[in-house]
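Spelled out, the chains give:
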Amino acid sequence: MSSDDGTVEITHKTIGPSRPSRIRVASRIKVRDLRNAIAEKGRFPVANLRMILRGKALQDEEDGEDVYVTLKDEDSLTVAVIPKRPVGVETYDDDDDDDEELKFQLPPSASRWKRKLYYFLRNKLKLPDIILMGVFSLSLKMWAIITLWFILAPIAHRWELGPIFLLGTGFSIILLNLGKRQPGDVSAYSIFNEDFRELPGTYNAERIDRDIRAGHI
């Protein structure tokens, strides 16, 4: 029976030769919390637990938001535990698992707005994973630069400065990707190194002369 503290008692039946069990939970609860409560009571692995309520499979999230479910007294929940694959046994699902690993997924530490944008692009616009990977691999600073470039490109074209604009873009890309050497690092160009120190394996006139005198050439 429902109580004054906002909890209800529901029945959950695990598929298989097991008897129904009862558990008291909050009347309005996150699906994630309900899954954890049932897994803890039945000692089931949370990752392998699936739940069905009123003929609908319950999902922890939808469009990046936690899903809540409203329960009533005497509600019946069907629970299924997906068995683990035996060690060393190959199945026809191996290719599907490989495909799942290749799919782009946001890290758990992703911010809320990134998760909402990710679910919108994937579920609503149906963008492929390769595009999602490109979208979310760029920083906000890089997206600001790209947006600014597209704003300035029509202006440069209007003033007949298109070639100069493209050349400036190319040089900017080169300069921004040069990076910075850490203290103690050696440049790939000997003239930039202290005392013009050559890199190991450098092939120059002195090396050729040394090889000739040693009979290597």
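For the structure, check the block above.
Fair warning: this is a prediction, and the values are worked out from it, not measured in the lab. (Residues numbered from 1 in each chain as written. Predicted model: local features only at pLDDT ≥ 70, side-chain atom pairs only at ≥ 80, totals over all residues. Heavy atoms only, no water.)

Draft legend 1. Up close: a nonpolar patch on the surface. Taken together, the side chains of Leu148, Ile151, Leu152, Ile155, Trp159, Leu161 and Ile164 define a hydrophobic patch exposed on the protein surface, amounting to about 720 Å² of accessible area. Structurally, Leu161 can be placed in the loop between helix H5 (140-158) and helix H6 (162-176). Of the residues examined, Leu161 reaches a relative accessible area of 41% and is grouped as partly exposed. (Patch = residues over 30% accessible without salt bridge, like charges linked within 9 Å, V, L, I, M, F, W, Y side chains within 5 Å. Areas by Shrake-Rupley, 256 points an atom, 1.4 Å probe, with all protein chains shown as cover. Salt bridge = Lys/Arg side-chain N within 4 Å of Asp/Glu carboxyl O. Helix = DSSP H or I, 4+ residues; strand = E, 2+ residues; numbered from the N terminus. Buried < 20%, exposed > 50% of the residue type's maximum accessible area, 1.4 Å probe, protein only.)

Draft legend 2. How the structure looks around the pattern of salt bridges. A complete count under the given rule lists five salt bridges for this structure. Note that Glu74 is salt-bridged to Arg22, the shortest N-O span being 3.2 Å. Of this pair, Glu74 sits in the loop between strand E8 (68-70) and strand E9 (76-81) while Arg22 is found in strand E2 (residues 21-26), placing the two residues 52 residues apart along the sequence. Overall, the relative accessible area of 34% leaves Arg22 in the partly exposed class. Note that Asp209 and Arg213 form a salt bridge whose closest N and O atoms lie 3.0 Å from each other. With a gap of four residues between them, Asp209 and Arg213 both fall in helix H7 (residues 205-213), about one helical turn apart. For Asp209, a relative accessible area of 38% corresponds to the partly exposed category.

Draft legend 3. Fine view of the pairing of E2. Sheet analysis places strand E1 (residues 7-14) next to E2, joined by six bridges and oriented antiparallel. The residue bridging Thr11 from the neighbouring strand is Arg22, located in E2. Between E1 and E2, which follow one another and run antiparallel, lie six residues, and Gly16 among them has a positive phi close to 125°. (Pairing = 2+ DSSP bridges.)

Draft legend 4. Region of the structure containing the nonpolar core. Within the largest apolar cluster, 17 residues are counted, with the highest numbers of intra-cluster contacts made by Leu34, Ile38, Leu71 and Leu77. Put simply, the parts of the chain that give this core at least two residues each are E1, E2, helix H1 (31-42), strand E4 (49-53) and E9. Of the residues forming this core, the biggest block, four residues, is contributed by H1. For Leu77, the residues in contact, after removing those within four places along its chain, are Thr11, His12, Lys13, Leu34, Ile38, Met51, Ile52, Leu53 and Leu58. Core analysis: the second largest hydrophobic core is formed by eight residues, Leu106, Ala110, Leu121 and Phe136 among them. (Core = buried A, V, L, I, M, F, W, Y, C linked by side-chain atoms within 4.5 Å. Contact = heavy atoms within 4.5 Å.)

Draft legend 5. Molecular detail of the packing of aromatic side chains. Overall, the coordinates contain four aromatic pairs when judged by the stated rule. Ring geometry for Tyr118 versus Phe136: centroids 6.0 Å apart, planes at 75°, classification edge-to-face. Of this pair, Tyr118 sits in helix H3 (residues 112-124) while Phe136 sits in helix H4 (residues 129-137), placing them 18 residues apart in sequence. Judged by relative accessible area, which is 4%, Tyr118 ranks as buried. For Phe136, a relative accessible area of 13% puts it in the buried group. Seen in terms of ring centroids, Trp149 and Phe150 are 5.1 Å apart; in terms of plane orientation they differ by 85°. Their pairing is edge-to-face. The class for Trp149 is partly exposed, based on a relative accessible area of 29%. Classification of Phe150 as exposed rests on a relative accessible area of 56%. Each member of the aromatic cluster is reached from another via a ring pair, and the members are Tyr118, Tyr119 and Phe136. (Phe/Tyr/Trp six-rings, centres within 6.5 Å; stacked < 30°, edge-to-face > 60°.)

Draft legend 6. Structural detail: the sheet that holds E4. Overall, mixed pairing links the five strands, which are arranged E2-E1-E9-E4-E5 in an open sheet. Both outer strands of the open sheet, E2 and strand E5 (56-57), are each paired with one neighbouring strand and no more. In the sheet, E4 pairs with E9 via five bridges, with the strands oriented antiparallel. For Leu49, the partnering residue across the bridge sits in E9 and is Val81. Across the face of the sheet, H1 comes into contact with E1, E2, E4 and E9 while running at roughly 115° to E4. (Axes fitted to C-alpha atoms, helices over the stretch in contact; angles between N-to-C directions.)

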